[in-house]
Amino acid sequence: SVKAKIGPSVLNADLSQLYTESQRLMDCGADYLHLDVMDGNFVPNLTFGHPVVKCLRNKITDAFFETHMMVDKPEMWIEGMADARVDQYTFHTEPVSDVLGVCRKVKEAGMKVGLAIKPKTPVETLVKYMDQADLILIMTVEPGFGGQKFMADMMPKVKWLRENYPGMDIEVDGGVGPSTIQACAEAGANMIVAGTAVVQSDNPQNVIETLRSTVAG
Ligand code: DX5
Ligand code: ZN
């Protein structure tokens, strides 16, 4: 069976304090860091790239880093992120013509492969890639910004994945917190990204523990 893991997103943290905010989340019991990389093309927002991730890695040497690549050309950033010792390279399949080729390059670079889909993308489009994926990310908001409302109608995608690929890491991302985690747990998600709910809480440790205990059942 798959383990419940909580990966806070620092997107809505004080990015002028990316290191101390990230370290604080790990100290509060996070299992991994979810780093939202946006290129201003795939989504109408622009965050940070591999130079920043590499500097963060030089300060936080052992945490598990997942980069969520909300970019038009994920193959462009594989080398840079691998150099930053990113562990999980999760990219959107929508803008990519050769998904299997990108999966292969990510693995050759020594990172785990994650495939992400937006709310309007049917989950069945991933079937032909499933044996190359280590993780599937189901967006529960339209990507681009933190602090949006959780889309409960994405849960059938999670349920379908858990039924057809019981050993797969299934991640939910967007609007997830103590008030929406139950639906995610019931649908079968085991990797939980939470941004605002954790980062803007006055007790992030408590929120992380609540999320994990709900999923772990
Ligand atoms: C949105 C990002 C999410 C977001 C999550 O495009 O991919 O990771 O930062 O933040 P909340 O939990 O606030 O929706
Ligand atoms: Zn994300």
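These numbers were taken from a predicted model, which means no experiment stands behind them.

### Focus: the side chain of E66
- Note on placement: E66 falls in strand 3 (residues 64-70).
- K112 provides the closest opposite charge to the buried, salt-bridge-free E66, at an N-O distance of 10 Å.
- A distance of 2.8 Å separates the side chain of E66 from the side chain of H34, its partner in a polar contact.
- Within polar-contact distance, the side chain of E66 engages the side chain of T90 at 2.6 Å.
- With near-sequence residues (within four places) excluded, E66 lies in contact with Y32, L33, H34, L35, Q88, T90, L135, E171 and V193.

### Some details on the sheet that holds strand 1 (residues 5-8)
- Spatial ordering of the open sheet is given by 1-8-7-6-5-4-3-2, a layout of 8 strands whose pairing is parallel. The open sheet has two edge strands, strand 1 and strand 2 (32-38), and neither has a second partner. Here the strands of the sheet are splayed against their neighbours by 20° on average, with no regard to which way each runs.
- Bridge count for strand 7 (residues 169-173) against strand 8 (residues 191-194) is 3 bridges, and the pairing is parallel. In the sheet register, V172 faces strand 8, and the bridge partner there is I192.
- Packing against the sheet, helix 4 (residues 99-108) makes contact with strand 4 (88-92) and strand 5 (112-117), and its axis sits at approximately 145° to strand 5.

### What about the site of ligand 1?
- Near ligand 1 there are 20 residues, and of these G144, D173, G175, G195 and T196 occur at the shortest range.
- Between ligand 1 and D36, the relevant distance is 2.9 Å, taken from an oxygen atom to a side-chain nitrogen or oxygen of the residue.
- Between D173 and ligand 1, the recorded distance is 2.6 Å, taken from a side-chain N or O atom to an oxygen atom.
- Relative to its unbound accessible surface of 380 Å², ligand 1 loses 99% to contact with the protein.
- When atoms are counted within 2 Å of each cavity's grid points, the one that captures over half of ligand 1 is the largest pocket.
- When contributions to the shell around ligand 1 are tallied by element, the ones reaching two or more residues are strand 2, strand 3 and strand 8.
- For the shell around ligand 1, the element with the most residues is strand 2, which contributes 3 residues.
- Across the shell around ligand 1, the residue classes tally to 8 nonpolar, 10 polar and 2 charged.

### Here we look at the packing of aromatic side chains
- Throughout the structure, instances matching the rule amount to 3 aromatic pairs.
- Between Y32 and F64 the ring centres are 6.2 Å apart and the planes differ by 80°, which places this aromatic pair in the edge-to-face class. Taken as a pair, Y32 in strand 2 and F64 in strand 3 lie far apart in primary sequence, 32 residues in all.
- Since its relative accessible area comes to 1%, Y32 is described here as buried.

Cut-offs and rules
Residues numbered from 1 in each chain as written. Chains lettered and ligands numbered in written order. Predicted model: local features only at pLDDT ≥ 70, side-chain atom pairs only at ≥ 80, totals over all residues. Heavy atoms only, no water. Helix = DSSP H or I, 4+ residues; strand = E, 2+ residues; numbered from the N terminus. Buried < 20%, exposed > 50% of the residue type's maximum accessible area, 1.4 Å probe, protein only. Lys, Arg positive; Asp, Glu negative; His and termini not counted. Salt bridge = Lys/Arg side-chain N within 4 Å of Asp/Glu carboxyl O. Polar contact = N/O pair within 3.5 Å; in protein donor to acceptor, adjacent residues only side chain to side chain. Contact = heavy atoms within 4.5 Å. Pairing = 2+ DSSP bridges. Axes fitted to C-alpha atoms, helices over the stretch in contact; angles between N-to-C directions. Near = heavy atom within 4 Å. Areas by Shrake-Rupley, 256 points an atom, 1.4 Å probe, with all protein chains shown as cover. 1 Å grid on protein atoms, 1.4 Å probe; cavity = no way out; pocket = protein on both sides within 12 Å on 5 of 7 lines; lining within 4 Å. Sits in = over half its atoms within 2 Å of the grid points. Nonpolar A, V, L, I, M, F, W, Y, C, P; charged D, E, K, R; others polar. Phe/Tyr/Trp six-rings, centres within 6.5 Å; stacked < 30°, edge-to-face > 60°.

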